[in-house]
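# Observations on the model geometry
One-letter residues, chain by chain:
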Amino acid sequence: MASPASAYMVYVSNEKDNTVSVVDSATMEVVKTINVGPRPRGITISHDGKLIYLCASDDDTIEIIDTATHEIVGSLPSGPDPELFVLSPDGKTLYVANEDDNLVTVIDLESKRVLAEIPVGVEPEGMGVSPDGKTMVNTSETTNMAHFIDTATNEITHNVLVDARPRFVEFTPDGSEAWVSAEIGGTVSVIDNETREIKHKITFEIPGLRAESIQPVGVRITADGKKAYVALGPANRVAVINTETYEVEKYALVGQRVWQLAFTPDQKTIISTNGVSNDITFIDVETDEPVQSVTVGALPWGVVVSPN
C-alpha cells in the first residue's frame, strides 16, 4: 500500500515501558525512542510543533520534550496523577485531568504556573475544549458526568449525566456539539453545546462480538466535520460515523485494545494506538481502510502528530 504523501512525526506514549516512540509517517518506521517518566499517558504538542507535553502519571508531573533534540527540557506542575489534558486553541493554557484528587488543573504555559484548580467529579479523565476556547469539558469516570466549564471564570456551568465511565471529549469543528465516549456504557453521547443536553446517543453493534467488549474511548472528528472516528477498545476496531446521520458506516479492524486516535495534519490519515498488541495502525481517511501497523513500545496509550 502507498505511504502518506507528506512526512510527519508521530509521537506515541508507551504506558508500560516508560517511553515515547517517534514514528516517521512516510516510512512508517520508528526513528527514535525517548525514555520518559513513569506511566506516560496523555500526550500533546504545541501549536508550533516545537514542544511535546507528556503526562508522566506516576511521577505526578508533565514533562516537556523538545521535538528537535528529543530531550526532556522541563516540566510543569500538574497535580497528582495527570492522565489526560487538552491545549487551549491559543496555545497558552493547558487543562489537566488529575485522576487521584478529582481536580482539573489549569496551567499557564509561559510562566509554568498553576492558574486554577477546579473541583470536578470522581476520577476525572476526558478533556475537551471548544474551538473558540470559551468552554472546556471534563468527564469524570465514576460520577459518569460531563462537566462544562467556563474558561473565563474556571467555574462549572453545567453537569451532564452520561453513560458509565466516560473517557474522552471531542468538539465538532464548529463548536456546536461535544461528543463524549462512555467506555463501560458502550455509547457516545452527542451533547448540544448551547442547550447542554444530549441530542443523540450513538450505539455500536459488531457481528460476533459481545456488547461488553465494545468499549468506546478515543474520539476524533474530521476538520470538515463530516466524519467521526471512535476507538472501540477490546473490540479491536475503529468506528467510522457519519456526523449528520449519527450512523456507523464502517468498522476498521486494527490492533488489540484500540485506545486513542490522532489525525495527520493533512487529514489523509488517522492513527490508532493499540495497547495489547503494542502497535499503532495507520488508517486511510478516504477509504477508511487500515494501511499498515507499526510496532512501538509496550502498551501504547496516547498519540499526537507534528503539525508540520
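Residues numbered from 1 in each chain as written. Predicted model: local features only at pLDDT ≥ 70, side-chain atom pairs only at ≥ 80, totals over all residues. Heavy atoms only, no water.

Bringing the layout of surface pockets into the picture now. Estimates place the volume of the largest pocket at around 1100 Å³. Taken together, 40 residues form the lining of the largest pocket, with Thr44, His47, Val86, Glu170 and Arg220 sitting closest to its centre. Of the residues belonging to the lining of the largest pocket, the class tally is 25 nonpolar, 12 polar and three charged. (1 Å grid on protein atoms, 1.4 Å probe; cavity = no way out; pocket = protein on both sides within 12 Å on 5 of 7 lines; lining within 4 Å. Points joined across faces, edges and corners; volume = space filled by probe spheres on them. Nonpolar A, V, L, I, M, F, W, Y, C, P; charged D, E, K, R; others polar.)

Let's shift gears to the environment of aspartate 59. You can see aspartate 59 is positioned in the loop between strand 5 (51–56) and strand 6 (61–66). For aspartate 59, a relative accessible area of 43% corresponds to the partly exposed category. C-alpha separation for the pair aspartate 59 and glycine 225, spaced 166 residues apart in sequence, amounts to 37 Å. (Helix = DSSP H or I, 4+ residues; strand = E, 2+ residues; numbered from the N terminus. Buried < 20%, exposed > 50% of the residue type's maximum accessible area, 1.4 Å probe, protein only.)

Despite not being glycine, asparagine 144 shows a phi value in the positive range, around 60°. As for its position among the elements, asparagine 144 is in the loop between strand 13 (135–140) and strand 14 (145–150). Unlike most non-glycine residues, arginine 165 shows phi in positive territory, near 60°. One can find arginine 165 in the loop between strand 15 (155–161) and strand 16 (166–171). Overall, the relative accessible area of 32% leaves arginine 165 in the partly exposed class.

Attention now goes to the nonpolar core. Of all hydrophobic cores here, the largest spans 21 residues; its most connected members are Trp179, Ile202, Phe204, Val230, Leu232 and Ile241. Only strand 18 (187–192), strand 20 (219–221), strand 21 (227–231) and strand 22 (237–242) provide two or more residues apiece to this core. Every residue in contact with phenylalanine 204, bar those within four places of it in the chain, is listed here: Gly186, Thr187, Val188, Ile214, Pro216, Val230, Leu232, Ala239, Ile241, Val248 and Tyr251. Counting 14 residues, the second-largest nonpolar core is a separate cluster that includes Val294, Val296, Val303 and Val305. (Core = buried A, V, L, I, M, F, W, Y, C linked by side-chain atoms within 4.5 Å. Contact = heavy atoms within 4.5 Å.)

This part takes up the packing of aromatic side chains. Each aromatic ring pair is described using two quantities: the centre-to-centre distance and the angle formed by the ring planes. Enumeration over the complete set of coordinates arrives at two aromatic pairs. An angle of 80° between the planes, with centres 5.8 Å apart, marks the rings of tyrosine 229 and phenylalanine 263 as edge-to-face. In this pair, tyrosine 229 sits in strand 21 while phenylalanine 263 sits in strand 24 (residues 258–263), placing the two residues 34 residues apart along the sequence. Take tyrosine 229 and phenylalanine 263: they sit in the same class, and that class is buried. The ring of tryptophan 259 carries arginine 257 above its face, with NZ or CZ at 4.0 Å from the centroid. (Phe/Tyr/Trp six-rings, centres within 6.5 Å; stacked < 30°, edge-to-face > 60°. Lys NZ or Arg CZ within 6 Å of the ring centre and 35° of its normal.)

Spatially, 24-25-26-27 is the arrangement adopted by the four strands of the open sheet, whose pairing is antiparallel. Only two strands of the sheet have a single neighbouring strand rather than two, namely strand 24 and strand 27 (289–295). The sheet shows a mean angle of 25° between the axes of neighbouring strands, direction not considered. Note that strand 26 (residues 279–284) and strand 27 share six bridges and pair antiparallel. Bridge pairing in strand 27 places aspartate 279 opposite threonine 295. (Pairing = 2+ DSSP bridges. Axes fitted to C-alpha atoms, helices over the stretch in contact; angles between N-to-C directions.)

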